[in-house]
Amino acid sequence: MDTWIDFANFTPGSALLGGALIGLAAAILIIGIGRILGISGITSNMLKQLPKLSWQLAFILGMALATWGYSLIVGFPEFTIDQPVWRIILAGLLVGFGTRLGSGCTSGHGVCGISRLSTRSMAATVTFMIGGVATASLFALL
Amino acid sequence: MNQTMTLIISIIGGIVFGIGLIIAQMVDPNKVVAFLRVFDRWDPSLGLVMGAAIAVAMPAFFYVKHRIRNNQAAINGDDIELPTASQITPKLIIGSMLFGIGWGMLGFCPAPALVTALAGYSEAILFLAAMLVGYWVHAKTVKS
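Here the structure is a predicted model, which is why all the values come from computation and not from measurement.

> In this structure, what is going on with the overall build of chain A? I would like to understand it.
Scanning chain A for helices and strands turns up six helices and zero strands. Ordered by position in the sequence, the α and β elements of chain A form the string α-α-α-α-α-α. Dimensions of chain A, computed from the C-alpha atoms along their principal axes, are close to 55 × 40 × 35 Å. Taken across its 142 residues, chain A has 53% of its residues classed as buried.

Listed below in structure tokens is the structure:
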């Protein structure tokens, strides 16, 4: 039976645990080294400082260790990304350009910005949520 | 000493963040699209991811604001840097809208795309390459 909410795929436990770890990572960075966990900024600043071993590069190295460690011990989730190449490229261009122009993405504005009660980040989050919901809903109809 | 501590804390933060993204299933763009597609077969899971992340991070930000007021540094000895920009500018809104459109088209935002690319998914690697071109186009065309 079709229902509005897809309860069969709803995963509250893993969502809460994963989300708490994401928040913990943001807490570790701001308390530990006084920096915001914002991945669009971290990646672009890492590239600008290469080949220097910046804190941004160390953070991304940590993400790589997590990915490879998880893959070895637990196994990385398996899924298919069944999308045309043009859509992958266009989405990447928009995400890259948009996060730089808007100074942040889901982590920097969405998690850290809202957590420190920044109205600027709240405005950014509401805007990219509206864009994301509208676009995903539109593509679901196609 | 300070430099070593900075790198160790950053690596630990990256590990916790990466595992969080995988457990939360944000690395699967189908899961993200099922959250954003609110009017049809909606999977609300990612709302809980964001809620839990904020619930944990918010006390940390209250705590560092307290440290800043008492002229205390971060644990590694560096000044705590909170963003100073507070203006809601056209750049912020247009950029966030373009980001949202790209996010909704495929279901990848930067961090999960990076993890999924590191796991070897060719679509995520292609996405990441296009994202870097997007960074480059921004650097070449927009004055900061």
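> I would appreciate a short explanation of the overall build of chain B in the present structure.
When its secondary structure is counted, chain B shows six helices and zero strands. Reading chain B from its N terminus to its C terminus gives the helix and strand order α-α-α-α-α-α. Projecting the C-alpha coordinates of chain B onto the three principal axes gives extents of approximately 50 × 40 × 30 Å. Sorting the 144 residues of chain B into buried and exposed places 56% on the buried side. Within chain B, contacts between residues separated by at least 24 positions form 38% of all contacts whose residues are at least 6 apart in sequence.

> Quick question: what am I supposed to make of the environment of R87(A) here?
Residue placement: R87(A) occurs in helix α4 (residues 85-101). A count of 16 C-beta atoms within 10 Å places R87(A) in the partly exposed class. Discounting chain neighbours no more than four positions away, the residues touching R87(A) are M105(B) and L106(B).

> What should I look at first to understand the interface of chain B and chain A in this one?
Interfaces are frequently sized by the accessible area removed from exposure as the parts join. Across the boundary between the two partners, chain B contributes 104 residues, which contact 96 residues of chain A. Those elements that place two or more of their residues in the side of chain B that touches chain A are α1 (2-23), α2 (29-36), α3 (45-69), α4 (90-106), α5 (110-118) and α6 (122-141) of chain B. Its residues placed into classes, the side of chain B that touches chain A shows 74 nonpolar, 20 polar and ten charged.

> Whenever I open this one, the confidence of the model for chain B confuses me. Can you help?
Interpretation of the predicted coordinates at a detailed level should be avoided for regions scoring low in pLDDT. Mean pLDDT over chain B works out to 95, with 99% of the residues at or above the 70 mark. Here the prediction assigns the complex a pTM of 0.96, and the interface score ipTM is 0.96.

> Can you walk me through α6(B) in this structure?
Side chains of residues three or four places apart in an α-helix project in the same direction, reflecting 3.6 residues per turn. Over its 20 residues, α6(B) runs 29 Å from end to end, which matches the ideal 28 Å to within 8%, given 1.5 Å per residue. For α6(B), the complete set of buried residues consists of E123(B), A124(B), F127(B), L128(B), A130(B), M131(B), G134(B) and Y135(B). End-on, the buried residues of α6(B) take up no more than an arc of 165 degrees, which puts them together on one face. Opposite the buried face of α6(B), by more than 90 degrees, sit the exposed residues S122(B) and K140(B). Along its buried surface, α6(B) packs onto α2 (39-49) and α4 of chain A together with α4 and α5 of chain B.

> Would you mind going over the nonpolar core with me for this structure?
Most often, soluble globular proteins keep nonpolar side chains buried together rather than apart. Grouped together as the largest cluster of nonpolar side chains are 93 residues, with contacts concentrated most on I22(A), A25(A), A26(A), V49(B), A57(B) and F127(B). The element contributing the most residues to this core is α3(B), with twelve residues.

> Looking at this model, I keep getting lost on the packing of α2(A) against helix α3 (residues 55-73) of chain A. Mind explaining?
The description of two helices packed together rests on the angle between their axes and the distance between the axes. All names here are of chain A. Contact geometry for α2 and α3: axes closest at 8 Å, N-to-C directions at 120 degrees. Accordingly, the angle class assigned to the pair α2 and α3 is oblique. Viewed along their axes, α2 and α3 form a crossing whose handedness is left-handed. Contacts between α2 and α3 pair I42, N45, M46 and Q49 from the former with Q56, L57, F59 and I60 from the latter. Looking at the contact of α2 with α3, its residues break down into five nonpolar, three polar and no charged.

The rules behind the values
- Residues numbered from 1 in each chain as written.
- Chains lettered and ligands numbered in written order.
- Predicted model: local features only at pLDDT ≥ 70, side-chain atom pairs only at ≥ 80, totals over all residues.
- Helix = DSSP H or I, 4+ residues; strand = E, 2+ residues; numbered from the N terminus.
- Buried ≥ 20, exposed ≤ 12 C-beta atoms within 10 Å, placed from the backbone.
- Contact = placed C-beta atoms within 7 Å.
- Nonpolar A, V, L, I, M, F, W, Y, C, P; charged D, E, K, R; others polar.
- pLDDT = per-residue confidence, 0-100.
- Expected span 1.5 Å × (residues − 1).
- Arc of directions from axis to C-beta.
- Core = buried A, V, L, I, M, F, W, Y, C linked by C-beta atoms within 7 Å.
- Axes fitted to C-alpha atoms, helices over the stretch in contact; angles between N-to-C directions.
- Parallel < 35°, antiparallel > 145°, perpendicular 65-115°, else oblique.
- Left-handed = near helix turned anticlockwise from the far one by under 90°.

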